[in-house]
Amino acid sequence: MVALGGVAAADPSTVDWQRLRMCESTDRYHANTGNGYYGAYQFDLPTWRSVGGAGLPHQASPAEQDFRALYLYRMRGWQPWECAGKLGLRADRDARSKRVPDYGEAAYISGAKIPGWPGQVFGPGDCHPALRTWQLRMNAYGYGFTGTGCYQDKTRTAVLELQRANGIRDSGLLGPKTWTAAWTGKPPR
């Protein structure tokens, strides 16, 4: 099979994955509604573990959840997701192929592009358009930023919580590791 830009030619489109996530979890990677299903793809624990997932799905990074979802799709097609039937998603030649993907192949799923780190470490009192980008990304984890672009108490809290969730020294400063973790790291608890 030929891969095009890291996406296997037969894998479902980014749009199909987004529609599935929207139906399953309203596209929230951190979703934990207490019903035994977790994350953007509403994995139950036995299914998550069957595709090599560790810990709880909603605590895994979006990239990890995307990878495990593609892995599951290649093992079982759309069958595990009730929403796939409701949405009329059609299996393609990669469904049930048993071909284990790699992280590069799964990177296309969320369609998320990580904006380049702006090259400046931000701390309390700083204002910058890049801070607005970071703040709005953190809304995916439920922070409710309006995107002022200014580093205030709420931003400091989010920075510290993200750093702690991802094993980054909790300095409270928004540097390159904390920037990237907003897109690829574990969600703050």
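Everything below is about the structure printed above this text.
Residues numbered from 1 in each chain as written. Predicted model: local features only at pLDDT ≥ 70, side-chain atom pairs only at ≥ 80, totals over all residues. Heavy atoms only, no water.

Q: Whenever I open this one, the overall build of the protein chain confuses me. Can you help?
A: A tally of regular secondary structure across the protein chain gives eight helices and two strands. Its helices and strands in sequence order give the protein chain the pattern β-β-α-α-α-α-α-α-α-α, from N to C terminus. The C-alpha atoms of the protein chain give a radius of gyration of 17 Å, which matches the 16 Å a tight globule of 189 residues would have. A total of 189 residues make up the protein chain; the buried ones form 46% of that total. Counted over contacts in the protein chain with a minimum sequence separation of 6, partners at least 24 positions apart contribute 52%. In the protein chain, 23 positive and 16 negative side-chain charges are present, and the distance between their average locations comes to 1 Å. (Helix = DSSP H or I, 4+ residues; strand = E, 2+ residues; numbered from the N terminus. Rg over C-alpha atoms; globule rule 2.2 N^0.38 Å. Buried < 20%, exposed > 50% of the residue type's maximum accessible area, 1.4 Å probe, protein only. Contact = heavy atoms within 4.5 Å. Lys, Arg positive; Asp, Glu negative; His and termini not counted. Charge placed at Lys NZ, Arg CZ, Asp CG, Glu CD.)

Q: Sorry, what's going on with the state of the cysteines here?
A: Put plainly, two cysteines are in a disulfide when a covalent bond ties their sulfur atoms together. For the structure shown, the criterion picks out two disulfides. What pairs with cysteine 127 in a disulfide is cysteine 150, and their sulfur atoms sit 2.0 Å apart. Taking the torsion about the sulfur-sulfur bond, which here is approximately 115 degrees, the covalent link between cysteine 127 and cysteine 150 counts as right-handed. Of the two residues, cysteine 127 is situated in the loop between α5 (103-106) and α6 (129-138) and cysteine 150 in the loop between α6 and α7 (153-165); the sequence distance between them amounts to 23 residues. Owing to a relative accessible area of 48%, cysteine 127 belongs among the partly exposed residues under this scheme. (Disulfide = S-S within 2.5 Å.)

Q: I keep staring at the pattern of salt bridges and nothing clicks. Help me out?
A: Pairing is possible between side chains of opposite charge, provided their charged atoms come close. Taken as a whole, this structure holds eight salt bridges when the rule is applied. A salt bridge links aspartate 16 to arginine 19, with the shortest nitrogen-to-oxygen separation between them at 3.9 Å. In this pair, aspartate 16 and arginine 19 are both assigned in helix α1 (residues 14-25), three residues apart and thus about one turn of the helix distant. Beyond isolated ion pairs, a larger network of salt bridges with shared partners links Asp11, Arg74, Asp94 and Arg99. (Salt bridge = Lys/Arg side-chain N within 4 Å of Asp/Glu carboxyl O.)

Q: Is there a simple way to think about the packing of aromatic side chains in this case?
A: What characterises a pair of aromatic rings is the spacing of the ring centres plus the angle enclosed by the ring planes. Under the defined criterion, the tally for this structure stands at 12 aromatic pairs. Among the aromatic side chains, those forming a connected cluster through ring pairs are Trp17, Tyr29, Tyr41, Phe43, Trp48, Tyr73, Trp78 and Trp81. (Phe/Tyr/Trp six-rings, centres within 6.5 Å; stacked < 30°, edge-to-face > 60°.)

Q: Even after reading the chapter, I still don't get the environment of glutamine 18, so can you show me in this structure?
A: By secondary structure assignment, the location of glutamine 18 is in helix α1. The sequence separation of glutamine 18 and glycine 111 amounts to 93 residues, and the corresponding C-alpha distance is 8.5 Å.

Q: Teacher, can you tell me more about helix α3 (residues 62-76) here?
A: Side chains that are three or four residues apart share a direction in an α-helix, a result of its 3.6 residues per turn. Here α3 spans 21 Å end to end across 15 residues, near enough to the 21 Å set by a 1.5 Å rise per residue. Here α3 lies mainly inside the structure; 13 of its 15 residues are buried. Phi turns positive, to about 65 degrees, at glycine 77, one or two residues after α3. (Expected span 1.5 Å × (residues − 1).)

Q: Whenever I open this one, the nonpolar core confuses me. Can you help?
A: A general feature of soluble globular proteins is that nonpolar side chains tend to end up buried together. One finds Trp17, Leu20, Tyr41, Trp78 and Trp81 to be the most contacted residues of the largest nonpolar core, which totals 25 residues. For this core, the secondary-structure elements that each account for two or more residues are α1, α3 and α4 (82-87). Among the elements that take part in this core, α3 stands out by supplying seven residues, more than any other. Judged by nonpolar contacts, the second largest core, of 18 residues, contains Ala130, Met138, Ala181 and Ala182. (Core = buried A, V, L, I, M, F, W, Y, C linked by side-chain atoms within 4.5 Å.)

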